[in-house]
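Working through the structure, step by step
Read off the chains here:
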Amino acid sequence: MNRSKKLYILLGILAVACIATFAVMQMEERKEQIKETGESILELPSESVQSLSWEYNEETLAFHKDETWLYDEDENFPVSAEKINELLEQFQSFGAAFIIEDVEDFGQYGLDDPICTINLSTGEQSYEVKLGDYSKMDSQRYVSIGDGNVYLVKHDPLDEYDAVLSDMIDHDEIPSFDHVSQIQFAGTEAYSIAYQENSVDSYSAADVYFTQRSGKNLPFDTSKVDSYLRSITNLNPVNYVSYNVTDEELQAYGLDAPELTITVDYTTEGEDGEEIADTFVLYVSPDPEDVKAAEEAGDEDQEAEISAYVRVGESQIVYKISSSSYKTLAAMSYNDLRHPEVIWADFSDVQQIDISLEGNNYTLTSEKDGEDHIWAYQEEELEIADLQSALEALTADEFTDERPTEREEVSLTVHLDNESFPQVEIKLYRYDGSRCLAVVDGESVSLVDRTAVVDLIEAAHAIVLD
């Protein structure tokens, strides 16, 4: 090889080395331009923003403000101002952890084809925020705001901007019913429940809910009514089927003539502490398609999974709720909410128990000793716990007004420290092989588990035959 050729080769190698060295120097120079920053890269007061849109997963959502926030594609859509504020809040002081200046290749940060693009406008100025790749090393998102730099941001906007349209709806609010004065039910069963403290129509001071039936003021189980009210508060409907319901849709959902209407009159406390009266209304109807399917399947045991539609007052939003939620709301009859116990008096109010068993009569007495009661039979002190437990365990398997046709198993007269109810008479009759019929003060009340009656008899025997 002649010397000229060798010279050319060496010059070529030198040129490649120079180019490589220059490239490395340029890379090093770029690396040196990556630096920490604790500054806010965008400060945009939420109240100044007049329009907001974003594109994510090939879907674009756009909103604008005209006194209230509106959805560009349908201004009838009820936009949640709270949700919009959540989206805007991070840009009031949008902080970055690192800055990469004078970027030439945005593609290496995923910003030539951003995963999400957010556009904001104050009316006078517009801003475009692009979200790129997620830095695995720093666990932060690459972001561009159009100033030629790339930032690694402290908070990933995609945590909020993965929202879809259903996330943006202003859902109906269901209040907490702290002070209820009345509950009204209309539909397949119509009646009302009134709140009454210190009523003389129950032997339990805990009873505060009552209804009128056959001229009598009858108590409910307070815990059951309170639980029912909580089930309304906790309903939390979010699965909307229409946000601007039409008359035709109401008919299709069965809400033109609801199966159940629940009206709750309650008071809430205002800002200055005054009580404000308010009324909440909920309309409920089973899904007609589910009902039809259950009927065609011959499902008569009420185990079918029937969902329902609900509407809060005159709201334009209609929601779909689950079968379990519907069953809870539909369990509102008197029998659903009344006391299941044959006798629910506080045992500390019991002064004497007369027992009639197998043709023999026995009397158990008690005397108050401070906060305690000392029980005795024939002047002999006794332990009453087993009898008390057995008596309290007499609960309804089923409510009934059937009259007794079989023999009496046991009867008790419970004497109470209560002027309105000095005594309660309980008679338990054989009904079938597994249940007994409970008659209280001459009225048939319920069928109870025969095992519970046997436990009561054995507890009585243990006292009087000891």
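Scroll up a little and you will see the structure.
Below or above, wherever it landed, is the structure these notes cover. Note that the structure is a prediction, hence the values are computed from the model and not measured.

Thoughts on the packing of helix 9 (residues 385-392) against helix 10 (residues 450-464)
Two numbers describe how helix 9 lies on helix 10: the axes approach to 9 Å, and their chain directions differ by 160°. If you check the angle between helix 9 and helix 10, you find them roughly antiparallel. Helix-helix and strand crossings are classified by hand; for helix 9 and helix 10 the assignment is left-handed. Seen from helix 9, the contacting residues are Asp-386, Leu-387, Ala-390 and Leu-391; seen from helix 10, they are Asp-455, Leu-456, Ala-459, Ala-460 and Ile-463.

Some remarks on the pattern of salt bridges
The full count for this structure, using the stated rule, is 13 salt bridges. A salt bridge links Glu-86 to Lys-83; the nearest nitrogen and oxygen atoms lie 3.7 Å apart. Of the two residues, Glu-86 and Lys-83 both sit in helix 2 (residues 81-89), 3 residues apart, roughly one turn of that helix. Where Glu-189 meets Arg-213, a salt bridge forms, and the shortest distance between an N and an O atom there is 3.3 Å.

Section: the nonpolar core
The tendency in soluble globular proteins is for nonpolar side chains to be buried as a group. Leu-52, Trp-54, Phe-63, Ile-118, Val-129, Ile-262 and Leu-282 are the most contacted members of the largest nonpolar core, which has 73 residues in total. Sequence-distant contacts of Phe-63, that is, excluding residues within four places in its chain, are made with Gln-50, Ser-51, Leu-52, Trp-54, Trp-69, Leu-70, Tyr-71, Asp-72, Val-79, Ile-84, Leu-165 and Met-168. Counting 41 residues, the second largest nonpolar core, distinct from the first, contains Ile-353, Leu-364, Leu-382 and Leu-391.

Focus on the sheet that holds strand 12 (residues 191-195)
On the basis of which strands lie adjacent, the open sheet formed by 9 strands has the order 14-13-12-11-16-17-18-19-15 and antiparallel pairing. The sheet is open, and its two borders are formed by strand 14 (216-219) and strand 15 (240-242), each paired with just one other strand. Strand after strand, the sheet turns through a mean of 25° between neighbouring axes, direction not considered. Relative to strand 13 (residues 209-213), strand 12 runs antiparallel, the two sharing 2 bridges. In the sheet register, Ala-194 faces strand 13, and the bridge partner there is Phe-210.

Some points on unusual backbone geometry
Of note in the backbone geometry, Glu-67 takes a positive phi value of approximately 70° without being a glycine. Judged by its relative accessible area of 80%, Glu-67 is exposed. For Asp-102, which is not glycine, the phi torsion reads 50° and is therefore positive. Along the chain, Asp-102 turns up in the loop between strand 6 (94-100) and strand 7 (116-121).

Reading the values: rules and limits
All residue numbers here refer to positions counted from 1 along the written sequence of the relevant chain. With pLDDT at 70 or above as the cut-off, local features in this predicted model cover only qualifying residues; side-chain atom pairs require 80 or more to be listed or tallied, and sums for whole chains, interfaces and linings still use all residues. Excluded from the side-chain calculation are hydrogens and water; included are all heavy atoms of the structure. Think of each axis as a best-fit line through the C-alpha atoms, taken over the contacting stretch in the case of a helix, with angles from 0 to 180 degrees between the N-to-C directions. Secondary structure elements follow DSSP: runs of H or I of four or more residues count as helices, runs of E of two or more count as strands, with numbering from the N terminus. An angle below 35 degrees is treated as roughly parallel, one above 145 as roughly antiparallel, one from 65 to 115 as roughly perpendicular, and anything else as oblique. Should the near helix be turned counterclockwise from the far one by less than a right angle, the crossing is left-handed, whereas a clockwise turn marks it as right-handed. The contact rule is simple, with two residues in contact once any of their heavy atoms fall within 4.5 Å. Should a side-chain nitrogen of Lys or Arg be within 4 Å of a carboxyl oxygen of Asp or Glu, the pair is scored as a salt bridge. Each nonpolar core is a collection of buried residues, namely Ala, Val, Leu, Ile, Met, Phe, Trp, Tyr and Cys, held together in the definition by side-chain atoms within 4.5 Å. When a residue's accessible area, from a 1.4 Å probe over protein chains only, is under 20% of the maximum for its type it is buried; when over 50% it is exposed; and in between it is partly exposed. Strands are labelled as partners when DSSP assigns at least two bridges between them.

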